[in-house]
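Structural characterization, general
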Amino acid sequence: MDIDIDKLDAAALAILSLTLHDGSRVWKGIDWDISDRLFQKGLIENPASKAKSLVLTEQGLELAKRAL
């Protein structure tokens, strides 16, 4: 099966945005490969931390809104 990675990433970002708090933070509960791709696309700040949340960039917030 061919998976559209960009659509998968947009869906993951939309789901993450449902836990939005403190302006642009979302709970970190997503596959590492997806979070790495979101970081490479500039949609989240660096996910490699001990924090239990991720920070969405402005571009990430906008894509999450559109995907929802």
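Relevant structure appears above.
Below you will find a few notes about this structure. (Residues numbered from 1 in each chain as written. Predicted model: local features only at pLDDT ≥ 70, side-chain atom pairs only at ≥ 80, totals over all residues. Heavy atoms only, no water.)

Points about the packing of helix H1 (residues 5–17) against helix H2 (residues 32–40)
Between H1 and H2, the shortest axis-to-axis distance is 10 Å and the interhelical angle comes to 95 degrees. Here H1 is positioned roughly perpendicular relative to H2, judged by the angle of their axes. Residues Ile 5, Leu 8, Asp 9, Ala 12, Leu 13 and Leu 16 of H1 lie in contact with H2, whose contacting residues are Ile 34, Arg 37 and Leu 38. (Axes fitted to C-alpha atoms, helices over the stretch in contact; angles between N-to-C directions. Helix = DSSP H or I, 4+ residues; strand = E, 2+ residues; numbered from the N terminus. Parallel < 35°, antiparallel > 145°, perpendicular 65-115°, else oblique. Contact = heavy atoms within 4.5 Å.)

Observations regarding the side chain of Asp 9
Relative to the assigned elements, Asp 9 resides in helix H1. The buried category is assigned to Asp 9, whose relative accessible area is 1%. Separated by 2.8 Å, the side chains of Asp 9 and Arg 37 make a polar contact. With sequence-adjacent residues up to four places away left out, Asp 9 is seen in contact with Ile 34, Arg 37, Leu 38 and Lys 41. (Buried < 20%, exposed > 50% of the residue type's maximum accessible area, 1.4 Å probe, protein only. Polar contact = N/O pair within 3.5 Å; in protein donor to acceptor, adjacent residues only side chain to side chain.)

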